[in-house]
Amino acid sequence: MVSPTVLRKKRFARIERKTEPEPNPESRNSGNRSSSEERLQALQEELDALIGLQSVKSTIREIQAYAQIQRKRSALQLTSQPIVLHTIFIGNPGTAKTTVARLLSKMLAEMGILEKGHTVEVERADLVAEYIGQTAHRTREAIKKAMGGLLFVDEAYSLARGGERDFGKEAIDTLVKAMEDHRGQFVVVLAGYPEPMQAFLRTNPGLHSRFPLMIEFPDYTDVELFKIAESMFGQRQYVLSKGARRRLADLIRQMRSRDPITFGNARTIRNIVEKTIRMQAVRLMGKANVSVDELITILEQDVQGESVRYRSYW
Ligand SMILES: Nc1ncnc2c1ncn2[C@@H]1O[C@H](COP(=O)(O)OP(=O)(O)O)[C@@H](O)[C@H]1O
Ligand SMILES: [Mg+2]
């Protein structure tokens, strides 16, 4: 755990750094290559800093390696496979699908595989319209925005919701066509919860075959969720008292067991963190002479879940 003293030192260190001279422009321009390598390294560190997700991290590494080596092979006129990186992300809410997609897009751009590296997040309502012909237009617009980056289709199975006669099918067909027409120019990620996603892929084999990669995002363990909470508090410069840590661990256990199906993994944790920070603020509001330690420290009574009230059992 970071102690308040450490946090204060960090803050001072930051102020000191501000007064450091700007790096000389010549060394900064010493080659875009190294700076894009540095940026790739920073993105890699961002990915590594995510708690848990070991299998996700190693698959991303595989994708990176594969793309890079295929490019090197084709540059040397060796037989290379076309780099098709369309991927299916399967996982429950709050398991970092969106976070990882954004990082992946940026990484591919730094590697020179995508031109821009942005992410366009869409769901059914962004692609499907109410009138004939409108859906193809709407879907093409979304694809246009995603060119050079990544199109992230959340809850992709909802495109197949209404069956054959639904306009969702028009969105799927338009997407498939664009994937052919603009090969290599953008990456599509279809994301969704495990069961409906598996069913969707089974009933749309033509679509499935265009997605060679699949990444499964497992639910976090209680220990991982606790670490995620700690890191979120740390990023916001808060530290937990011993009592607060105990209560947080209990709350995590309780919230998962209350409704394991709709449990929002790291998203639920983010809500707990935000609610707790507000509760600490309410406790300190109106208090005269609040010290730095008080501003930083989260006490047991501050720790609260989202809508579900924490009930103490002792
Ligand atoms: N392993 C992790 N470590 C730290 N924060 C995480 C982790 N996984 C998810 N988060 C945070 O939880 C929130 C929800 O993640 P998100 O990527 O939106 O999940 P999903 O798209 O799977 O629903 C985000 O604020 C994200 O930064
Ligand atoms: Mg998401």
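Cut-offs applied
Residues numbered from 1 in each chain as written. Chains lettered and ligands numbered in written order. Predicted model: local features only at pLDDT ≥ 70, side-chain atom pairs only at ≥ 80, totals over all residues. Helix = DSSP H or I, 4+ residues; strand = E, 2+ residues; numbered from the N terminus. Expected span 1.5 Å × (residues − 1). Buried ≥ 20, exposed ≤ 12 C-beta atoms within 10 Å, placed from the backbone. Arc of directions from axis to C-beta. Contact = placed C-beta atoms within 7 Å. Axes fitted to C-alpha atoms, helices over the stretch in contact; angles between N-to-C directions. Parallel < 35°, antiparallel > 145°, perpendicular 65-115°, else oblique. Left-handed = near helix turned anticlockwise from the far one by under 90°. Nonpolar A, V, L, I, M, F, W, Y, C, P; charged D, E, K, R; others polar. Pairing = 2+ DSSP bridges. Near = placed C-beta within 6 Å. pLDDT = per-residue confidence, 0-100.

Peer 1: What am I meant to see in helix 13 (residues 265-284) here?
Peer 2: Every α-helical turn comprises 3.6 residues, leaving residues that sit three or four positions apart pointing alike. Relative to the 28 Å expected for 20 residues at 1.5 Å per residue, helix 13 spans 29 Å between its end C-alpha atoms, a close match to the ideal helical length. Within helix 13 the residues assigned to the buried category are Asn265, Ala266, Thr268, Ile269, Ile272, Val273, Thr276 and Gln280. The buried residues of helix 13 occupy an angular sector of 145° when the element is viewed end-on, so they sit on one face. In this structure, helix 13 carries Arg278, Ala281 and Val282 as exposed residues pointing more than 90 degrees from its buried face. Check the buried side of helix 13 and you find it contacts helix 11 (222-235), helix 12 (242-258) and strand 7 (297-298). Glycine 286 sits one or two positions beyond helix 13 and adopts a positive phi of about 80°.

Peer 1: Looking at this model, I keep getting lost on helix 5 (residues 97-110). Mind explaining?
Peer 2: Taking 1.5 Å of rise per residue, the 14 residues of helix 5 would be expected to cover 20 Å, and the 20 Å separating its terminal C-alpha atoms lies within 8% of that figure. Buried residues dominate helix 5, accounting for 10 of its 14 residues. Along helix 5, the residues that are buried comprise Lys97, Val100, Ala101, Leu104, Ser105, Lys106, Met107, Leu108, Ala109 and Glu110. Residue glycine 112 follows helix 5 closely and has a positive phi angle near 85°.

Peer 1: Can you walk me through the packing of helix 7 (residues 134-146) against helix 8 (residues 168-181) in this structure?
Peer 2: When two helices pack together, you describe them by how their axes are tilted relative to each other and by the distance separating the axes. For the pair helix 7 and helix 8, interaxial distance at closest approach is 9 Å and the crossing angle is 40°. On the basis of their axis angle, the class for helix 7 and helix 8 is oblique. At the point where helix 7 passes helix 8, the crossing takes the right-handed sense. Only Glu170, Ala171, Thr174, Leu175 and Ala178 of helix 8 make contact with helix 7, whose side of the interface consists of Thr135, Ala136, Thr139, Arg140 and Ile143. Taken together, the residues of the contact of helix 7 with helix 8 sort by class into 5 nonpolar, 3 polar and 2 charged.

Peer 1: Is there a simple way to think about the sheet that holds strand 2 (residues 119-122) in this case?
Peer 2: Backbone-to-backbone hydrogen bonds join strands into a sheet, with any given pair of strands oriented parallel or antiparallel. Reading across from one edge, 2-3-4-1-5 is the order of the 5 strands in this open sheet, with parallel pairing throughout. Each of the sheet's edge strands pairs with one partner strand only, and the pair in question is strand 2 and strand 5 (213-217). Within this sheet the neighbouring strands show an average axis-to-axis angle of 20°, counted without direction. Inspection of the sheet shows strand 1 (residues 87-91) paired to strand 5 by 5 bridges, in the parallel sense.

Peer 1: Explanation requested: the site of ligand 1 in the structure shown.
Peer 2: With respect to spatial proximity, 17 residues lie near ligand 1, and among them Ala96, Lys97, Thr98, Thr99 and Ala266 are the closest. For the shell around ligand 1, the secondary-structure elements that each account for two or more residues are helix 5, helix 11 and helix 13. Across the shell around ligand 1, the residue classes tally to 7 nonpolar, 7 polar and 3 charged.

Peer 1: Sorry, what's going on with the pairing of strand 3 (residues 150-153) here?
Peer 2: Look at any regular strand and the pattern is simple: side chains alternate between the two faces of the sheet. Of the two faces of strand 3, the one lined by Leu150 and Phe152 and the one lined by Leu151 and Val153 are each fully buried. Both strand 2 and strand 3 contribute to a ladder of 4 bridges, which runs parallel. Among the inter-strand pairings, valine 120 is bridged to a residue of strand 3, identified as leucine 151. Bridge analysis of strand 3 against strand 4 (residues 187-192) gives 4 bridges, and the strand direction is parallel. Each residue of the ladder has a partner; that of leucine 151, found in strand 4, is valine 188.

Peer 1: I would appreciate a short explanation of unusual backbone geometry in the present structure.
Peer 2: A positive phi angle, close to 60°, is found at leucine 53, a residue other than glycine. Mapped onto the secondary structure, leucine 53 falls in the loop between helix 3 (32-49) and helix 4 (54-75). In this structure, glutamine 77 takes a positive phi of about 60° despite not being glycine. For glutamine 77, the location among the structural elements is in the loop between helix 4 and strand 1. Take glutamine 77: there are 7 C-beta atoms within 10 Å of it, and that puts it in the exposed class.

Peer 1: It is not clear to me how the confidence of the model for the chain should be interpreted in this structure. Could you clarify?
Peer 2: The predicted coordinates ought not to be read in detail in places where the model reports low pLDDT. Here the chain averages 86 in pLDDT, and 85% of its residues register 70 or above. Per-residue pLDDT stays below 50 along residues 308-314; that stretch engages in 6 contacts with residues further than four places along the chain or on separate chains.

Peer 1: Even after reading the chapter, I still don't get the packing of helix 11 against helix 12, so can you show me in this structure?
Peer 2: Orientation of helix 11 relative to helix 12, taken along the N-to-C sense of each, is 125°, at an axis distance of 10 Å. Classified by the angle their axes make, helix 11 and helix 12 are oblique. Considering the relative orientation of helix 11 and helix 12, their crossing is right-handed. Here helix 11 contributes Asp222, Leu225, Phe226 and Ala229 to the contact with helix 12, which in turn contributes Leu248, Ala249, Ile252, Arg253 and Arg256. Each residue belonging to the contact of helix 11 with helix 12 can be placed in one class, and the counts come to 6 nonpolar, no polar and 3 charged.

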